[in-house]
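Per-entry structural report
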Amino acid sequence: MKYFVRIGDTELEVELVERLGELLVAVEGESLAIEYEPVDALGQVGILTDGMSFGASVEGDGERVAVTIAGHTYHVEIEDERERAAHAAERRATGSGGTITSVMPGVVVALLVRPGQEVAEGEPLLILEAMKMQNEIAAPGAGVVTTLHIEQGRSVGTGDKLVTLRDLEA
Amino acid sequence: MKYFVRIGDTELEVELVERLGELLVAVEGESLAIEYEPVDALGQVGILTDGMSFGASVEGDGERVAVTIAGHTYHVEIEDERERAAHAAERRATGSGGTITSVMPGVVVALLVRPGQEVAEGEPLLILEAMKMQNEIAAPGAGVVTTLHIEQGRSVGTGDKLVTLRDLEA
Amino acid sequence: MFRRILVANRGEIALRVIRTAREMGVETVAVYSEFDRLALHTRLADRAVALGGSLPSESYLVGEKIIEAALASDAEAVHPGYGFLAENAAFARAVTDAGLSWIGPPPDAIAVMGDKIESRRAMQAAGVPVVPGLVDPIDDAEAVVVAAEEIGFPIALKAAAGGGGEGIRIVREPSEIAVAFRTASGEASSAFGDGRLYMERYVERARHVELQVLFDHHGGAVHFGERECSIQRRHQKLIEECPAVVVDEGLRERMGAVALQAGHAVDYQGAGTVEFLFCEGEYFFLEMNTRLQVEHPVTEMVTGVDLVREQLRVACGEEIGYGQADVVMRGHAFEVRVNAEDPASGFLPSTGTVKNLRLPGGPWVRVDSALYRGMEVGLNYDPLLAKVVVWGEDRAVAIERMRRALAELNVGGVRTSVPAALVVLDQSAFRAGEFDTSFLEGLDLSQPHGGRVELAVAIAAVHRHTAARRQALGADRGDRSGWVARNRMDRNWPR
Amino acid sequence: MFRRILVANRGEIALRVIRTAREMGVETVAVYSEFDRLALHTRLADRAVALGGSLPSESYLVGEKIIEAALASDAEAVHPGYGFLAENAAFARAVTDAGLSWIGPPPDAIAVMGDKIESRRAMQAAGVPVVPGLVDPIDDAEAVVVAAEEIGFPIALKAAAGGGGEGIRIVREPSEIAVAFRTASGEASSAFGDGRLYMERYVERARHVELQVLFDHHGGAVHFGERECSIQRRHQKLIEECPAVVVDEGLRERMGAVALQAGHAVDYQGAGTVEFLFCEGEYFFLEMNTRLQVEHPVTEMVTGVDLVREQLRVACGEEIGYGQADVVMRGHAFEVRVNAEDPASGFLPSTGTVKNLRLPGGPWVRVDSALYRGMEVGLNYDPLLAKVVVWGEDRAVAIERMRRALAELNVGGVRTSVPAALVVLDQSAFRAGEFDTSFLEGLDLSQPHGGRVELAVAIAAVHRHTAARRQALGADRGDRSGWVARNRMDRNWPR
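Residues numbered from 1 in each chain as written. Chains lettered and ligands numbered in written order. Predicted model: local features only at pLDDT ≥ 70, side-chain atom pairs only at ≥ 80, totals over all residues. Heavy atoms only, no water.

**Focus on the overall build of chain C**
Which entries qualify depends on this criterion: Helix numbering and strand numbering both begin at the N terminus, where a helix is a DSSP run of H or I of at least 4 residues and a strand a DSSP run of E of at least 2. The globule rule used here is 2.2 Å times the number of residues to the 0.38 power, and the radius of gyration it is set against is calculated over C-alpha atoms. Only protein chains enter the calculation, and the probe is 1.4 Å; a residue is then buried if its accessible area is under 20% of its type maximum, exposed if over 50%, and partly exposed in between. Each accessible area is a Shrake-Rupley result for a 1.4 Å probe, and residues are judged covered by the shown protein chains and nothing else. Only four residue types enter the tally: Lys and Arg on the positive side, Asp and Glu on the negative side; His and the chain ends are excluded. Just so you know, the charge point we use is NZ for Lys, CZ for Arg, CG for Asp and CD for Glu.
Within chain C one finds 15 helices and 23 strands. For 495 residues, the compact-globule estimate of 2.2 N^0.38 gives 23 Å, and the C-alpha radius of gyration of chain C, at 24 Å, lies within 12% of that figure. In terms of overall dimensions, chain C has C-alpha extents of about 80 × 55 × 45 Å along its principal axes. Residues classed as buried in chain C amount to 62% of the 495 residues present. Just so you have it, chain C exposes about 17,400 Å², and 47% of that area is on carbon and sulfur atoms. Averaging the positions of the 54 positive and the 69 negative side-chain charges in chain C gives two centres separated by 11 Å.

Here's what the structure looks like:
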């Protein structure tokens, strides 16, 4: 099985092959000797690789997985081959899209635009309060507001849709 | 449901009655107001009783349960009404018994008696080694060895049968 | 000494107070919101009283409920911790009016020091150096434009009623004034009900150095040296240390004297912190925090003094009982704040359930933590989950000890600020003591650090593969399954 | 400094060494038996080498395997920890013969001090006071009977080749000699392959006081004051402290000088401990432990010196670099050993799986622990699971802090010695400093302490009831179900 793992700005391909009860691992085509042994079913794992030892932890069962090694946490997004194909098809269908999503959980304390309104690049669309800080969410480019997915006073989670813009017809 | 809880040298009766989603608790007939709230499904519980708060822990699902409150661990044995009746019937059937069981895990390093041998009170029967200490296990009273449940060199666990004695016919 | 006190807080600071109180034979009463029924502070106190509600505004911020809980549970005093009502003079007054002791400074001292303008006036009068700026609060952006010409850029705009870095905006040129004023004033209005701002020169390349002080009710006063808290972002501290690399013994003596002068000027009692902006040997009074501070443990590790014990002692009328010469500093201590936030995305708040937890241990590692397995981390409370504190015979040893301790820490299920602290501790400039309050913001934290990317990626893939496989087989959730993966060239696999 | 060292041990002491090595930038190689594949020392070291086997005799006691692992992993030195091969002179020689450095004293010093008779002779020659007794080992019970007349009862019989209290028997009258000789000699034979015993007066109401010493390769030597370890049972220590209540500064100076004299007499190098029996101002050399000791952390907390760091430094040839006057003791420290044993049944060993774990934290609490959730505690290894260490400004504060810390500790799934330590800390005689090595055995630990019997019993019953109910309903294993039980008189239930 091939996995496509995105971490930071890069993506690495990991291939796993089960053979006679062993798991053969290759990262970007380079094979990696790794012993992987869960400790407590809560996330602690013992890793041995090439003589080196790590008490790592790993969480997340879906596409987002966090791996902590020596205090550093590596947040990755994983797709397997089937998911990759499905996601590609989805993207082809919806185009590049113009929906701004929330990158953090918070509360919408002010909505500064209304549907149909034209906005310039950098113009504030709403104010999101999180952890006692107010953050202006600005338009990433010029456009027309088509949909407000939120109301003032409403809580939003990470990834929730906020505002959809349509490109200005030149 | 009534529970008979043995702790140290004493036994206390606890009655639990479920009523409208609440649990009514009485220890030795004295009712006790208690809020019992598991934290993590691993044993940590939050207890509130009469304004007082405890971060306790509780382990064991069978008849032996350990409760830790403020660093002190209370080891108890619990029987419910049905078990109590069943155990009483069992004791009636087997009599007072003459089997010595191991009070600790260890290894039998020497067997000092053989079946049929007469032993005096205090006479050593075997030597059990645990945690690098050798312990002589002596006869609790005079008798005849009827059965050896163990062999030299064998490991035994807590509660395992060691030697059965029969009272000497006077 | 008090027989029983109420701790009007939650999280690690509530635990901190409970621990010392228990050691002194003082019973503690915890208060808790619905959200915190199973929090460690609720479980580890001797008694607990429900406040109801899950928002701070329904629980820990409702002074009446807290005073009612104290009276109902027969407590003699209230310890406010930090945050919430700790610097609310009206609450302090209400506590004493209810016949309870207040483990903190007199309400008047809180009121003066809690107001940027008033405190500045008082400090100037007392001969304590302050940053150049306007004494009076400002309520429109135009006034800022005018005054900026005299004070000079960059300038700082702060809520007149605020504290702890909330509502602060730095303005570097006239064109930024309008937006900065609008957002800062808006935040100040919504947070404190007072949109007025205070304006002063923003001291660049400044370091944040603060003095820990203690005053009793008999005129006695000592300081416990300084802390440096320059590793911060948006005025939220990440790493603190004691002592400061830029302060030597002579300077410590002078700054200590000034800090005590500041306290005396407002008839201070109890423990407090006088914060200074420090720049090339000069220092300016910034504000006085009229409470225990988050970073107080670094001072404790170096001086051997339990500051919470001292708070309780002076609050119930005891004399300090020792002099400045008895305060001896030994070695060096660091604190790292474990916040629920993601350094890779600009320290955005992170939420989740703590599924997996491993706290560091061993020599000279202190963990002040409210974390427990199963804990839910939400948005309603301060993101501080835990503090890792280390002591070492010198700064270099303490840095290595902190790196070692953080490498042992695991908080699974929520993102934390720890990776950012590790990056800071790796920087040669930090290790050389060369940094200021802009240091943290100058680091690129967007990419993974730690140098184990390939391994992490492989572990993640094996984890996912195993989980999928287990699901397919319908195996027990608690099942452990390990893998041995070998790297044998003769298998001719895969390229 | 070494680039990489191998740690020839397991459990908390392996972790202890790994931690300091990491802080010094020295890489560590762990070795592990099959049983310890997932142990913390295996996971937290930089490298790990499997020894195979699960018994000590197949793994940690096999010197050849360990040396092979060190060579294969390119380590430069071996740290033995305590126990296992730490005081095995032949192993120390084999290590150096293999071209590796030995982080411990010279093999000859180990050999002399490891032999009760030889060490006694050497100490007498060096003018170090020793306990009255026979110099030569004894190999039959009759000889004991004869010699006892001269030495006087009670007498102690100890394995000539033993250490750490193993194989010791106290004989109070002639009739007990036969059984005591047989069992002690049998244990000595099976443990050390040498059934000879050493015989001396058993000093009653004695306290156990020991001096921590350090010698470099250049003639430099310092001591770090004393520890008291009188709270013990069958010579297995439970609570240790630094300093000792019976030692004042003058006595510390004299005992320290004697301890250094003892080390110099055997050309000692590295860290070691000279143990004394202490009785009403008199002290007698008991033995010298030629290794790091379990209780070394109390010395570290009081002196601020990292003893493992000092071991590594002198082992690689550095000078100590400071003098006796630079060793400054501050405050008071305690250590409590968390052993897998049941105080209520005479400290019988306890086994099980650690299902549930909560370690103490907060100010001046140090936890040196090998515990992790899921750990299996068996019979094959030392029962020491963890050590809780606290520091306080004085003894009274440190006692209260230890009580507080232990109240926070939970090790679920295995019985521990902690309740016994709590009972000791509650005794007024202990708190007054009035105790000797028989103190612990004089306490009744068979009944539950803590005073919460009714509550514990109620919790146990609710737990069992809930578990049974959940099973009956077939609910999810991870299900949390809480209960609110009220005490309402108007319900007229139950009597």
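**Some details on the interface of chain C and chain A**
Where interface size is quoted, it is often the accessible area lost as the parts come together. Formally: Contacts: residue pairs with any heavy atoms within 4.5 Å of one another. By definition, the buried area sums, over both parts, the 1.4 Å-probe accessible area that each loses when the two are put together. Counted as salt bridges are all cases of a side-chain nitrogen of Lys or Arg within 4 Å of a carboxyl oxygen of Asp or Glu. Polar contact is the term for a pair of N or O atoms within 3.5 Å; when the atoms are in protein, one must be able to donate a hydrogen and the other to accept it, and sequence-neighboring residues count only if both atoms are side-chain atoms.
Taken together, the contact between chain C and chain A spans 69 residues of the former and 73 residues of the latter. Here chain C and chain A share an interface that buries about 6,500 Å² over both sides, 61% of which is from carbon and sulfur atoms. Scanning the region where chain C abuts chain A turns up three salt bridges. The salt bridge partner of R464(C) is E83(A), with a shortest N-O separation of 2.6 Å. The tally of links from chain C across to chain A stands at 20 residue pairs in polar contact (both at pLDDT 80 or more). Listed by contribution, the elements that provide at least two residues to the side of chain C that touches chain A are α8 (177-192), β16 (348-349), β18 (356-358), α12 (395-408), β22 (410-412), α13 (418-426), α15 (453-473) and β23 (483-485) of chain C. Of all the elements, α15(C) adds the most residues to the side of chain C that touches chain A, at 16 residues.

**Considerations on helix α6 (residues 116-125) of chain D**
All names here are of chain D. The line we're drawing: The directions considered for the arc run from the helix axis to the C-beta atoms.
The set of residues buried in α6 consists of K116, I117, S119, R120 and M123. For α6, the arc enclosing every buried residue in end-on projection is 165 degrees, short of the 170-degree limit, so these residues lie on one face. Residues of α6 that are buried in the fold lie against α5 (107-114), β6 (155-159), β8 (197-201), α9 (249-265) and β13 (282-289). Measuring from the side-chain oxygen of the N-cap residue of α6 to the backbone nitrogen of I117 gives 2.9 Å; that N-cap residue is D115. Backbone geometry just after α6 places G127 at a positive phi near 80 degrees.

**Remarks on the domain arrangement of chain C**
Residue and element names in this part refer to chain C. Stated formally: Source of the domain bounds: an automatic or database domain assignment.
For chain C, the domain assignment lists domain 1 (4-103), domain 2 (132-201) and domain 3 (207-416). One C-alpha centre belongs to domain 1, the other to domain 3, and the line joining them spans 21 Å. Summed over both sides, the interface between domain 1 and domain 3 buries roughly 2,400 Å², with carbon and sulfur atoms accounting for 60% of that surface. The interface formed by domain 1 and domain 3 includes four salt bridges.

**Some thoughts on unusual backbone geometry**
With an omega dihedral of -10 degrees, the bond running from F153(D) to P154(D) counts as a cis peptide bond. Relative to the helices and strands, P154(D) resides in the loop between α7 (141-151) and β6. Cis geometry is adopted by the peptide bond preceding P243(D), which originates at C242(D) and carries an omega value of -5 degrees. Even without a glycine there, the phi angle at E28(A) is positive, about 50 degrees. Tracing the backbone through its elements, the reader meets E28(A) in the loop between β3 (22-27) and β4 (30-32). Judged by relative accessible area, which is 48%, E28(A) ranks as partly exposed. Positioned with a positive phi, D50(A) is a non-glycine residue whose angle comes to about 55 degrees. When you line up the elements, D50(A) lands in the loop between β6 (44-49) and β7 (52-59).

**Topic: the interface of chain C and chain B**
Put simply, the rule is: In this classification, Asp, Glu, Lys and Arg are treated as charged, Ala, Val, Leu, Ile, Met, Phe, Trp, Tyr, Cys and Pro as nonpolar, and every other residue, Gly included, as polar.
Every contact between the two is made by 11 residues of chain C and, on the other side, 17 residues of chain B. A combined buried area of about 1,000 Å² lies between chain C and chain B, and 53% of that area is made up of carbon and sulfur atoms. Its largest share of buried area at the contact with chain B, chain C owes to R37(C), L38(C) and R43(C), together 51% of the area lost on that side. Linking chain C with chain B are one salt bridge, by the criterion used here. For E35(B), the salt bridge identified is with R37(C), shortest N-O distance 3.5 Å. Scanning the region where chain C abuts chain B turns up five residue pairs in polar contact (both at pLDDT 80 or more). Of the residues in the side of chain C that touches chain B, the class split is five nonpolar, one polar and five charged.

**Brief notes about the domain arrangement of chain A**
Domain assignment breaks chain A into domain 1 (2-80) and domain 2 (93-167). Domain 1 of chain A and domain 2 of chain A are separated by 36 Å when their C-alpha centres are compared.

**Here we look at the sheet that holds β6(D)**
Residue and element names in this part refer to chain D. Basically, it comes down to this: Strands qualify as paired when DSSP identifies two bridges or more between them. In this analysis an axis means a line fitted to C-alpha atoms, helices contributing only their contacting stretch, and an angle means the value between N-to-C directions, from 0 to 180 degrees.
The three strands are arranged β7-β6-β8 in an open sheet whose pairing can be described as antiparallel. Edge positions in the sheet fall to β7 (169-171) and β8, since each of these pairs with one other strand and no more. Across the sheet, the mean angle from the axis of one strand to that of its neighbour is 25 degrees, orientation sign disregarded. Here β6 pairs with β7 via three bridges, running antiparallel. Counterpart to L157 in the pairing with β7 is R169. Contacts from α6 reach β6 and β8, with the element oriented near 45 degrees to β8.

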